[in-house]
Amino acid sequence: MKQRERRPGARVATGPSGGRRSDARPAKPEKTKAAPAREQRPPAAVPAVIERPLTARHGELPAERVPVILESTGAGDFHLIDSGSGQKLEQYGPYRVVRPEGQALWQPSLPAHVWEKVDAAFTGDTDEEGTGRWRFPKEALGETWPLNLLGVDFFGRFTSFRHVGVFPEQIVHWSWMKQQVESAGRPLKVLNLFGYTGVASLVAAAAGAEVTHVDASKKAIGWARENQALGRMEKLPIRWICEDAMKFILREERRGSQYDIILTDPPKFGRGPNGEVWHLFEHLPLMLDICREILSPKAVGLVLTAYSIRASFYSIHELMRETMRGAGGVVESGELVIREAGLDGKTPGRALSTSLFSRWVPK
């Protein structure tokens, strides 16, 4: 938001996706948003540079589809086993993990002894922006371990912000993007803002896209490059850019650069590499406005995800429709949820809401 205001590094206005929330997520050394990317920090003393007013839009509003619930039951090495009592029990590859989850208001379905037999449990500050530590009940584990989602290898990582390097609810957006790239019949250009550990960027590039990945956290960019190397994907066309997201897209607009798909997964608060401040409620309208300007004439989609904000999905839905006024197409908005899948990963249970989203598509 979900970011989760997620991510250790501060995702900053660069800035989010590969994996809630750098621009203010706990630094993914990763989502590195200075600390690992979805770490969200309070606004810094240096204001974001706003270089132009919002564009006056005219024409009809896009059609709308609301509410839309995009549901994942897991994929690859991940699934949600159970949830309840303010926690969630997840499977990440060989490890069973317990982390705080404020929206799990119900009681767990599985007995206590299942929850106790875990490999790692996060303890400490339950706020998304707070820090804590990991407890390893069975044996001490290394900081990283290999994982795979949608055919892409990457490292999971136990960060002090409770994130593990990927926000699996984003699988639904990544699957959609993968399908669009593979069926386009031409190389698509993808811009991944607040890109965190780069899983989304690797999925897009592996499908055949030319990718520009932007995150304000050096740690997050470093982690993303590690993920690229793990999967032997160094030759894929990905530009890794450590910069403030707003500054980057403003420059791209001046240059006349264009993209076919833009993913943006901003935090509530973030700080750029030079102290630039990102505040979602203040800067999101301009960010989307610039994103529209750098969409190509044959754009396939603009995707926004928002975590841990006190707002309805209708807030970002109406903002997206106003931003895309006159462009035609459809704006679909709602929530991303993960469905419990039990110990075997195949037994559907309750749906856990993780974040809000809004997506414009041309038809």
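A quick note: this is a predicted structure, and the numbers were derived from the prediction, not measured. (Residues numbered from 1 in each chain as written. Predicted model: local features only at pLDDT ≥ 70, side-chain atom pairs only at ≥ 80, totals over all residues. Heavy atoms only, no water.)

1. A short note on the overall build of the chain
Of the regular secondary structure elements, the chain holds seven helices and 19 strands. Here the chain holds 363 residues, and 60% of them are scored as buried. (Helix = DSSP H or I, 4+ residues; strand = E, 2+ residues; numbered from the N terminus. Buried < 20%, exposed > 50% of the residue type's maximum accessible area, 1.4 Å probe, protein only.)

2. A short note on the pattern of salt bridges
Evaluated as defined, the whole model comprises 23 salt bridges. Close ionic contact of arginine 52 with aspartate 289 constitutes a salt bridge, the shortest N to O distance being 2.7 Å. Of this pair, arginine 52 sits in the loop between strand E2 (23-24) and strand E3 (63-72) while aspartate 289 sits in helix H6 (residues 280-293); the two residues are 237 residues apart in sequence, bridging distant segments of the chain. Where arginine 321 meets glutamate 318, a salt bridge forms, and the shortest distance between an N and an O atom there is 3.8 Å. Of this pair, arginine 321 and glutamate 318 both sit in helix H7 (residues 313-323), separated by three residues, roughly a single helical turn. Look at arginine 321 and you get buried, because its relative accessible area is 10%. (Salt bridge = Lys/Arg side-chain N within 4 Å of Asp/Glu carboxyl O.)

3. Overview of the sheet that holds E3
If you trace the eight strands from one edge of the open sheet to the other, you get E3-E18-E19-E17-E14-E11-E12-E13, paired in mixed fashion. Strands with a single pairing partner mark the edges of an open sheet, and in this sheet they are E3 and strand E13 (238-242). This sheet shows a mean twist of 15 degrees between the axes of neighbouring strands, independent of strand direction. Bridge analysis of strand E18 (residues 330-339) against strand E19 (residues 351-361) gives ten bridges, and the strand direction is antiparallel. In the strand pairing of E19, glutamate 332 is matched with arginine 359. On the sheet, helix H4 (residues 218-230) packs against strand E12 (210-215) and E13 and is oriented at approximately 160 degrees with respect to E13. (Pairing = 2+ DSSP bridges. Axes fitted to C-alpha atoms, helices over the stretch in contact; angles between N-to-C directions. Contact = heavy atoms within 4.5 Å.)

4. What about the sheet that holds strand E5 (residues 87-92)?
Within the open sheet, the five strands sit side by side as E4-E5-E6-E7-E8. Their pairing is mixed. The sheet is open, and its two edges are formed by strand E4 (78-84) and strand E8 (132-135), each paired on a single side. With direction set aside, neighbouring strand axes in the sheet form an average angle of 25 degrees.

5. Concerning the pairing of E5
In terms of residue burial, E5 counts as a mostly covered element, since five of its six residues are buried. As judged from the six bridges shared by E4 and E5, these two strands associate in the antiparallel manner. Counted as the bridge partner of histidine 79 is glutamine 91 from E5. Between the antiparallel neighbours E4 and E5 lie two residues, among them serine 85 with a positive phi of about 55 degrees.

6. What about the confidence of the model for the chain?
Summarising the model, the chain shows a mean pLDDT of 87, and 84% of its residues fall at 70 or more. This model gives residues 1-48 a pLDDT under 50, and the stretch forms 418 contacts once residues within four places in sequence are excluded. (pLDDT = per-residue confidence, 0-100.)

7. A short note on the nonpolar core
In terms of nonpolar packing, the biggest core is built from 48 residues, with Tyr92, Leu149, Phe158, Val166, Trp174, Met177 and Ile261 touching the most fellow members. Those residues in contact with phenylalanine 158, other than ones at most four positions away along the chain, are Tyr95, Val97, Ala120, Trp134, Phe136, Leu141, Gly142, Glu143, Trp145 and His163. In terms of nonpolar packing, the next biggest core, distinct from the first, is built from 34 residues, Tyr259, Ile290, Ala299 and Met320 among them. (Core = buried A, V, L, I, M, F, W, Y, C linked by side-chain atoms within 4.5 Å.)

8. Considering the environment of phenylalanine 154
By secondary structure assignment, the location of phenylalanine 154 is in strand E10 (residues 152-157). Considered as a pair, phenylalanine 154 and alanine 229 are 75 residues apart in the sequence and their alpha carbons are 8.8 Å apart.

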